[in-house]
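In case you want the letters, here they are:
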Amino acid sequence: MPKRVDHAERRTEIAEALVRVAGRRGLHAVGMRDVAAEAGVSLRLVQYYFETKEKLLLFGLRHLTEKFGERVAARVRAAGDAPEPRAVIEALLMAALPTDEESRTFHHLYTSYAVLAVNDRTLAAQPFIKDPDAAEAVLAGLLRQAQEAGLLRPGVDARSEAVSLLAMSAGLGTSVLVGQRSPESAAGILEYHLDRIFRPGGRGTQARRTRE
């Protein structure tokens, strides 16, 4: 009896091959034949699953988004049970910094997708490129939670700080990728700005009530 093919798994394997080869050569230089060779399958099979390079790129984009979400979730879990808003914010921001091979590839390809989207309407329409408001909303919500708990310094505007922190994280990631600064230096800068937003010690009214 022939082995049953898991089509979802096969598509994921091809997407991971795209990520690997694009991480080495750059997204703009990758063709479907390159991805097929990396995945160890025929070009015909890649075309069967994705038909065009555009569809392959779009699937790769979604796959990259999911992998980033898993990376953030792992960092949040590492912060312990019921982490405070600052710990979750740090997990989100630090996960995007290119500190290891996986995160370097993520930042490299994220930037590449953004550049391609400038001239590609289909790519530009994807939420990962078009709608950074989603990440801003999450971060602003966490900052508002911290504000309500008395964890933030007076006068902090949650939305403005969310936008600033995400822009800073992206810029710092690029500076690490091109060798301008070390990952440790970039992380230190993010910590500095979080210290500027949060009260010393990071314990607010909820934490104080718990102690009382």
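Shown above is the structure to which this text applies.
Just so we're clear, the structure is a prediction, and the values are computed from it rather than from any experiment. Each chain has its residues counted from 1, running along the sequence as written. In keeping with the model being predicted, local features are shown solely for residues with a pLDDT of at least 70 and side-chain atom pairs are shown and tallied solely at 80 or more, while totals for entire chains, interfaces and linings include all residues. To get the side-chain values, take all heavy atoms of the structure and skip hydrogens and water.

(A) Layout of helix α10 (residues 158–177). Here α10 contains 20 residues, and its C-alpha end-to-end distance of 28 Å stays within 8% of the 28 Å for a straight helix at 1.5 Å per residue. For every residue, the accessible area (1.4 Å probe, protein chains only) is compared with the maximum for its type, and the residue is labelled buried under 20%, exposed over 50%, or partly exposed between those bounds. Runs of E in the DSSP output that reach at least two residues are strands. Runs of H or I that reach at least four are helices, and both are numbered from the N terminus. Inspection of α10 places Ala158, Glu161, Ala162, Leu165, Met168, Ser169, Leu172, Gly173, Ser175 and Val176 among the buried residues, and these make up the whole buried set. Looking down the long axis of α10, one finds its buried residues gathered within 160° of arc, a one-sided arrangement. Residues are treated as being in contact if the distance between any of their heavy atoms lies within 4.5 Å. In this structure, the buried side of α10 is in contact with α5 (85–95), α6 (101–117), α9 (133–148) and α11 (183–197). Among the residues trailing α10, glycine 179 stands out with phi positive, at a value near 85°. By this rule the span expected of a helix is its residue count minus one, scaled by 1.5 Å. By construction, the arc corresponds to the directions joining the helix axis to the C-beta atoms.

(B) Representation of the pattern of salt bridges within the structure. Here, a salt bridge means any Lys or Arg side-chain nitrogen found within 4 Å of an Asp or Glu carboxyl oxygen. Enumeration according to the criterion identifies 13 salt bridges in this entry. When the shortest N-O distance is used, the salt bridge between glutamate 38 and arginine 20 registers 2.9 Å. Of this pair, glutamate 38 sits in helix α2 (residues 32–39) while arginine 20 sits in helix α1 (residues 7–25); the two residues are 18 residues apart in sequence, bridging distant segments of the chain. Several salt bridges share partner residues, and in doing so they unite Arg86, Glu90, Glu191 and Asp195 into one network.

(C) Representation of the packing of α5 against α11 in the model. The convention used is that axes are lines fitted to C-alpha atoms, helices contributing only their stretch in contact, and that angles between N-to-C directions extend from 0 to 180 degrees. At a minimum axis separation of 11 Å, α5 and α11 run at an interaxial angle of 150°. Classed by the angle they form, the pair α5 and α11 counts as roughly antiparallel. As for how α5 packs across α11, the hand of that crossing is right-handed. Note on element contacts: α11 touches α5 through Ala187, Leu190, Glu191, Leu194 and Asp195, opposite Arg86, Ile89, Glu90, Leu93 and Met94. Angular relationships are summarised with four words: roughly parallel below 35 degrees, roughly antiparallel beyond 145, roughly perpendicular across 65 to 115, and oblique for the angles in between. For a crossing to be left-handed, the near helix must be turned anticlockwise from the far one by less than a right angle; the clockwise case is right-handed.

(D) Main features of the environment of glycine 26. Turning to its location among the elements, glycine 26 is positioned in the loop between α1 and α2. Sequence separation between glycine 26 and serine 112 is 86 residues; the distance between their C-alpha atoms is 7.4 Å. If we skip the residues at most four places from it in the chain, glycine 26 touches Val21 and His108.

(E) Summary view of the nonpolar core. Residues Leu18, Val35, Leu56, Ile89, Tyr113, Leu143 and Phe198 are the most contacted members of the largest nonpolar core, which totals 55 residues. Per-element tally for this core: the top contributor is helix α4 (residues 53–78), with eight residues. Not counting residues within four places of it along the chain, the set of residues in contact with leucine 56 comprises Ile14, Leu18, Met32, Val35, Val46 and Phe50. Only buried residues count toward a nonpolar core, which is a set of Ala, Val, Leu, Ile, Met, Phe, Trp, Tyr and Cys residues joined through side-chain atoms within 4.5 Å.

(F) Inspection of unusual backbone geometry at higher detail. Located in the positive-phi region is glutamate 51, a residue other than glycine, with phi close to 65°. Along the chain, glutamate 51 falls in the loop between α3 (43–50) and α4. Phi at alanine 82 is positive, roughly 45°, even though this residue is not glycine. Note that alanine 82 resides in the loop between α4 and α5. Here alanine 82 falls in the exposed class, since its relative accessible area comes to 74%.

(G) Examining the layout of surface pockets more closely. The way it works is a 1 Å grid over only the protein atoms, where trapped points that fit a 1.4 Å probe form a cavity and open points with protein on both sides within 12 Å along at least five of seven lines form a pocket, and then any residue with an atom within 4 Å of a point lines it. Grid points are joined across faces, edges and corners, and a volume is the space filled by probe spheres set on the points. Approximately 360 Å³ is the volume attributed to the second largest pocket. In this structure, the second largest pocket is lined by 15 residues; those nearest its centre are Val19, Arg20, Glu101, Glu102 and Thr105. Among the elements of the structure, α1, α4 and α6 are those that each provide at least two residues to the lining of the second largest pocket. Tallied by class, the residues present in the lining of the second largest pocket amount to four nonpolar, three polar and eight charged. Each residue gets one of three labels, nonpolar for Ala, Val, Leu, Ile, Met, Phe, Trp, Tyr, Cys and Pro, charged for Asp, Glu, Lys and Arg, and polar for the others, Gly among them.

(H) Representation of α4 in the model. The end-to-end C-alpha distance of α4, which contains 26 residues, comes to 37 Å, matching closely the 38 Å that a straight helix rising 1.5 Å per residue would cover. Buried within α4 we find Leu56, Leu57, Leu58, Phe59, Gly60, Leu61, His63, Leu64, Phe68, Arg71 and Val72.

(I) Molecular detail of the side chain of serine 175. With respect to the element layout, serine 175 can be found in helix α10. Identification of polar contacts relies on pairs of N or O atoms within 3.5 Å, with a donor-acceptor requirement for protein atoms, meaning one able to donate a hydrogen and the other able to accept it, and with residues adjacent in sequence counted only if both atoms are side-chain atoms. Engagement of the side chain of serine 175 in a polar contact is seen with the backbone oxygen of leucine 172, the distance being 2.6 Å. Separated by 3.0 Å, the side chains of serine 175 and arginine 181 make a polar contact. Among residues more than four places away in sequence, those in contact with serine 175 are Gln180 and Arg181.

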